[in-house]
Amino acid sequence: MKTSYTKYILKQPAFMLMVAVALLSSCGSKSSDDSGDDKAVNAQVSVTVTSVSDSDLVDYTMLNASSAFQQKNYVKSNTNGYITKVNTQIGHFVDKGETVFTVKTKEAMSIGNSVNVLDTTFKFSGVNKIKAPMHGYVTQLNHQVGDYVQDGEQLAVISDRSSFAFIMQLPYEMRATVKLNQGVQLTLPDGEKIDGKVTSFMPAVDTASQTQGVVIKINTDKQIPENLVAKARVVRTQIQNAASLPKSAVLSNDTQTEFWVMKLINPTTAVKVPVKTGLEVGDRIQIISPKFSKDDRIVVTGNYGLTDTAKVKIAQ
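Because the structure is a prediction, the values reported are computed rather than measured.

## Details of the sheet that holds strand β3 (residues 72-76)
Whenever strands of a sheet pair, they do so through backbone hydrogen bonds, lying parallel or antiparallel.
Right, so step 1: Across the sheet, which stays open at both edges, the four strands sit in the order β3-β10-β8-β5 with antiparallel pairing between neighbours. The two strands at the open ends of the sheet, each matched to only one other strand, are β3 and β5 (93-94).
Right, so step 2: Summarising the sheet, β3 and strand β10 (residues 154-160) pair through five bridges and their orientation is antiparallel. When the sheet's bridge partners are listed, Lys76 is paired in β10 with Gln154.

The following block contains the structure:
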């Protein structure tokens, strides 16, 4: 009775159709799963690569430096009298010994040539020529023609050209980075660059800013005004022929205590290589260890999130 019932069921068309659909669904599901696994295994990340290069890395700081005449000479009257001639004006350059003022004594102004008329051998004029004590630029002019001046009164100020320098304000914590005769590049507000040299240090530190004045002498014939503020480039660290990579090629953890790069061991596989970094300048970073060769290919873009032995594809 049971056997006849089974034969009856198997002969039913609907039952056979259901069994066939179930078998086909099972096969299709397995095939789809296998295809997904293959795609996951064969997935490749598109990357670009670079190589280690030797670079001259320079770490520097930009500080303010103001132009100044350190030595100022004062032109003074040597008698009581009236100024009859002024041979200069503000901004003019005068040489040492050049006549700057002519002063006629008040006695000579009063009696005129009466003395010479009485005695022609006396040759009295009462005119005194006041000369520049040093070469430089006239930066202050206190009197003009017709003024009455007293003996010892200041007539003008001449800024000694040879004392011209830039005074750089150096934070005292950076004192060890600046030495005597060290070269310093100055950039003027108009973009012109001038080379200078440290010649001395001021004996005092500013109380508020804790900066020390550093005297920088320049060698140029260009007339630079006083109180001009320039940018001084102070080199703190300089390394020549340092092995370096672009900063984007170096990865790190959240606390930046560990650094690594992704290096290609073949055209499709990148491995994680821990590195020790050094000086960072601009978009370059020094690689202290390990020593990479010029032929080593380092992933520079597309490296974020890559795991060790990641599958990659070099973008053309």
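## Observations concerning the pattern of salt bridges
Right, so step 1: Per the stated rule, a full pass over the model turns up six salt bridges.
Right, so step 2: Of the charged contacts, one joins Asp190 and Lys222 as a salt bridge, the two residues approaching to 3.6 Å between their closest N and O atoms. Of this pair, Asp190 sits in the loop between β12 (183-187) and β13 (193-205) while Lys222 sits in the loop between β14 (211-218) and β15 (229-246), and the two are 32 residues apart along the sequence.
Right, so step 3: Residue Lys222 is classed as partly exposed on the basis of its relative accessible area, which comes to 37%.
Right, so step 4: The salt bridge involving Asp296 is made with Lys263; its shortest N-O contact spans 3.7 Å. Placement of the pair is Asp296 in the loop between β19 (284-289) and β20 (298-301) and Lys263 in strand β17 (residues 259-266), with a sequence separation of 33 residues.
Right, so step 5: What emerges from the salt-bridge pattern is a single network uniting Asp190, Glu192 and Lys222.

## Describing the sheet that holds strand β4 (residues 81-86)
Right, so step 1: Strands sit in the order β7-β6-β4-β9 across an open sheet of four strands; the sheet is antiparallel. Single-partner strands in this sheet number two, and they are β7 (127-131) and β9 (148-149).
Right, so step 2: In terms of strand pairing, strand β6 (residues 99-105) meets β7 through five bridges, oriented antiparallel. By the bridge assignment for β7, Phe101 is matched with Ile130.

Conventions adopted
- Residues numbered from 1 in each chain as written.
- Predicted model: local features only at pLDDT ≥ 70, side-chain atom pairs only at ≥ 80, totals over all residues.
- Heavy atoms only, no water.
- Pairing = 2+ DSSP bridges.
- Helix = DSSP H or I, 4+ residues; strand = E, 2+ residues; numbered from the N terminus.
- Salt bridge = Lys/Arg side-chain N within 4 Å of Asp/Glu carboxyl O.
- Buried < 20%, exposed > 50% of the residue type's maximum accessible area, 1.4 Å probe, protein only.

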